[in-house]
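# Overview (structure and organization)
So the chains spell out like this:
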Amino acid sequence: MNDTVLLFHGIARTRKSMAKLAGFLSGHGYRVVNVGYPSTKFSISDLIDIIRPEIDDAAKEAGEGRVHFVGYSMGGLLIRAFLRHYRPANLGRVVMVGTPNNGSQIADFLKNWPLYRKVYGPAGQQLITDQTEMTDLFGTVDYELGIIAGNRTIDPVSSLIIGVRVPNDGKVSVESTRLDGAAAHIVIPANHTFLPVNRTMRSQTLSFLKDGRFIS
């Protein structure tokens, strides 16, 4: 297999959080590039320029193989913004895991807190549910996209903010992960924090990358 998979971690995380998924996909024959980026230092628009050289190099090295993208949480938003502006000619499939495509009520609640602003930086302000100013940044989905959402929460405070009757993973509601144009959407019993190391997430991601569908 000549295909490459680019991985993107979430905000305030590092490449280490995607290491298990990287090893899993490598074991199934993919060339994996686990992309690191300063998620709390810049806005999403600035971040896509920062990661562009590594993605361009990976696309070139892929040769005739396809380049797939997998993003966890804000990593999925980074993928959306990147593909809107710098799509590789050999683009394959895209998987988003726990991505707040319609924003997070948690970000709405915390956005003006000084500690939140300090810890999560400019990109943290872009995770709110009012996405009207981000339309041009993200564009529309016209590529093969599969979305994985979690519906287990271990944080009663966050769940109260989101809504006690609203299915969510403790950070992002299931509904917020949805995106027009996606080819497939699946909900798994997983918590947001632990989605990157969830075994079901790994197998479902592999299924979509290989066949363009999730395991039912």
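In the block above lies the structure referred to throughout.
This write-up is about the structure you can find in this document. (Residues numbered from 1 in each chain as written. Predicted model: local features only at pLDDT ≥ 70, side-chain atom pairs only at ≥ 80, totals over all residues. Heavy atoms only, no water.)

### Examining the packing of aromatic side chains
Evaluation of the coordinates by the stated rule reveals six aromatic pairs. Arranged with centres 5.6 Å apart and planes meeting at 50°, the rings of Phe109 and Trp113 form a pair that is tilted. Relative accessible area serves as the criterion here: at 44%, Phe109 is assigned to the partly exposed category. The lysine or arginine in question, Arg202, covers the ring of Phe24, its NZ or CZ lying 5.8 Å from the ring centre. (Phe/Tyr/Trp six-rings, centres within 6.5 Å; stacked < 30°, edge-to-face > 60°. Buried < 20%, exposed > 50% of the residue type's maximum accessible area, 1.4 Å probe, protein only. Lys NZ or Arg CZ within 6 Å of the ring centre and 35° of its normal.)

### Thoughts on the nonpolar core
Of all hydrophobic cores here, the largest spans 39 residues; its most connected members are Leu6, Phe8, Ile44, Phe69, Met74 and Val94. For Phe8, the contacting residues outside a window of four places in its chain are Met18, Val35, Ile51, Ile55, Phe69, Val70, Gly71, Tyr72, Gly75, Leu78 and Ile79. Within the second largest apolar cluster, 22 residues are counted, among which are Leu25, Val70, Ile148 and Phe214. (Core = buried A, V, L, I, M, F, W, Y, C linked by side-chain atoms within 4.5 Å. Contact = heavy atoms within 4.5 Å.)

### Description of the pattern of salt bridges
Applying the stated criterion across every chain, the model contains seven salt bridges. With its nearest N and O atoms 2.5 Å apart, the salt bridge here joins Arg87 to Asp142. Remark: Asp142 occurs in the loop between helix 6 (135–138) and strand 5 (145–150) and Arg87 occurs in the loop between helix 3 (74–85) and strand 4 (91–97); sequence separation between them is 55 residues. Look at Asp142 and you get exposed, because its relative accessible area is 53%. The salt bridge involving Glu144 is made with Arg93; its shortest N-O contact spans 3.0 Å. Of this pair, Glu144 sits in the loop between helix 6 and strand 5 while Arg93 sits in strand 4, and the two are 51 residues apart along the sequence. Taking the relative accessible area as the measure of exposure, Glu144 reaches 32% and is therefore partly exposed. (Salt bridge = Lys/Arg side-chain N within 4 Å of Asp/Glu carboxyl O. Helix = DSSP H or I, 4+ residues; strand = E, 2+ residues; numbered from the N terminus.)

### Observations concerning the environment of Arg213
Locating Arg213 in the fold gives a position in the segment after helix 9 (199–211). Once the C-alpha coordinates of Arg213 and Ile186 are considered, the two residues, 27 residues apart in sequence, prove to be 9.8 Å apart. Contact partners of Arg213, with chain neighbours within four places excluded, come to Ser207 and Phe208.

### Comments concerning the pairing of strand 1 (residues 4–8)
In terms of burial, strand 1 is largely enclosed, as five of its five residues are buried. Of the two faces of strand 1, the one holding Thr4, Leu6 and Phe8 and the one holding Val5 and Leu7 are both buried throughout. Summarising the sheet, strand 1 and strand 2 (residues 31–35) pair through five bridges and their orientation is parallel. The residue bridging Thr4 from the neighbouring strand is Arg31, located in strand 2. A crossover links strand 1 with its parallel partner strand 2, the connecting element being helix 1 (residues 19–27), and its sense is right-handed. As defined by bridge partners, strand 1 adjoins strand 3 (residues 67–72) across five bridges and the pair is classed as parallel. Pairing of Leu6 across the sheet is with Phe69, part of strand 3. (Pairing = 2+ DSSP bridges. Right-handed = clockwise from strand over helix to strand, strands pointing away.)

### A short note on helix 2 (residues 44–61)
Taking 1.5 Å as the rise per residue, helix 2 with 18 residues should run 26 Å; its terminal C-alpha atoms sit 25 Å apart, in good agreement. Roughly 45° is the biggest bend found in helix 2, and it falls at Arg52, with proline Pro53 one to four residues downstream. Along helix 2, the positions that sit buried rather than exposed are Ile44, Leu47, Ile48, Ile51, Ile55, Ala58 and Ala59. Packing partners of the buried residues in helix 2 comprise strand 1, strand 2, strand 3, helix 3, helix 5 (114–124) and helix 6. One or two steps after helix 2, the chain reaches Gly63, where phi turns positive at roughly 60°. (Expected span 1.5 Å × (residues − 1). Bend = angle between axes of the 7 residues up to and from the residue.)

### Thoughts on the environment of His185
Along the chain, the position of His185 falls in strand 6 (residues 184–188). Since its relative accessible area comes to 26%, His185 is described here as partly exposed. With residues near it in sequence (within four places) discarded, His185 still touches Ile147, Ala149, Val174, Thr177, Arg178 and Phe214. Among the polar contacts made by the side chain of His185, one reaches the side chain of Thr177 at a distance of 2.9 Å. Polar side-chain contacts of His185 include one of 3.4 Å to the side chain of Arg178. (Polar contact = N/O pair within 3.5 Å; in protein donor to acceptor, adjacent residues only side chain to side chain.)

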